[in-house]
Amino acid sequence: MKCPFCGSLQDQVLDSRPAEHMSVVKRRRECSECKKRYTTFERPEEISLMVIKSDNRREPFDRKKIWQGIDRACRKRPIAAETIDKIVNEIENELMGEYVMELPSSLIGDKILQKLWDIDLVAYIRFAAVYRKFGDVDTFMDELKKLKKEHTKRQKGQSSK
Ligand SMILES: [Zn+2]
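The model shown is predicted, which means the values in this text are computed figures rather than measured ones.

One key point about sheets: their strands pair by backbone hydrogen bonds, in either a parallel or an antiparallel sense. Here we have three strands laid out as an open sheet, ordered E1-E2-E3, and antiparallel in their pairing. At either margin of the open sheet sits one strand with a lone partner, and together these are strand E1 (11-19) and strand E3 (37-42). On average, adjacent strands in this sheet sit at an angle of 25° to one another, irrespective of strand direction. Across the sheet, helix H2 (residues 81-98) is in contact with E1 and strand E2 (24-31); its angle to E1 comes to roughly 140°.

Here you go:
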């Protein structure tokens, strides 16, 4: 961001939060040169949120990648494209609101799992299989049994309310 007072490109983000029904993110910034503070309103696609990968490399946050990951897990499942859009929007808004500049990639994976859990168990398991990289079939089957049990329990709990 260019400082409106001195034109410097060096700044520090002090605070970041969604504004106006989440379509814009409001950021409080401080110029590193003149130390004056100013507020910016940014559309999510303009924000340079960096994702820290497991090997510590950083890459720009990419909404498309999240979309593709979820889409792959939902293939041939009764899940509408609008539902996937909704999940991606929710995840994006949550991340933009909670994180100022950087976030670990594992956090994105966890959020996707959380959303899929509520929508479709098969999609959840598919995503988990890729994301957690189940080493062998036994581990995968164990995990599957555990999940099914938990899922049934939770659904029963919800319907009895
Ligand atoms: Zn300045």
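Let us keep going from here.
Here we come to the packing of aromatic side chains. Given two aromatic rings, one states the distance between the centres and the angle between the planes to describe the pair. With the rule as written, the count across this model stands at one aromatic pair. Each ring, one from Trp 117 and one from Tyr 124, has its centre 5.0 Å from the other, and the planes form 75°; the classification is edge-to-face. Classification of Trp 117 by relative accessible area gives buried; the value is 7%.

So, on to the pattern of salt bridges. Two side chains of opposite charge can pair, provided their charged atoms sit close to one another. Throughout the structure, instances matching the rule amount to 14 salt bridges. Linking Arg 29 and Asp 11 is a salt bridge whose minimum nitrogen-to-oxygen distance equals 2.6 Å. Taken together, the positions of Arg 29 in strand E2 and Asp 11 in strand E1 put the pair 18 residues apart, joining distant regions of the chain. Lys 111 is paired through a salt bridge with Glu 94; the nearest N and O atoms lie 3.0 Å apart. Here Lys 111 is found in helix H3 (residues 105-119), whereas its partner Glu 94 is found in helix H2, with 17 residues between them in sequence. The class of Lys 111 is buried, set by a relative accessible area of 10%. Beyond isolated ion pairs, a larger network of salt bridges with shared partners links Lys 86, Glu 90, Glu 94, Lys 111 and Lys 115.

The rules behind each value
- Residues numbered from 1 in each chain as written.
- Predicted model: local features only at pLDDT ≥ 70, side-chain atom pairs only at ≥ 80, totals over all residues.
- Heavy atoms only, no water.
- Pairing = 2+ DSSP bridges.
- Helix = DSSP H or I, 4+ residues; strand = E, 2+ residues; numbered from the N terminus.
- Axes fitted to C-alpha atoms, helices over the stretch in contact; angles between N-to-C directions.
- Contact = heavy atoms within 4.5 Å.
- Phe/Tyr/Trp six-rings, centres within 6.5 Å; stacked < 30°, edge-to-face > 60°.
- Buried < 20%, exposed > 50% of the residue type's maximum accessible area, 1.4 Å probe, protein only.
- Salt bridge = Lys/Arg side-chain N within 4 Å of Asp/Glu carboxyl O.

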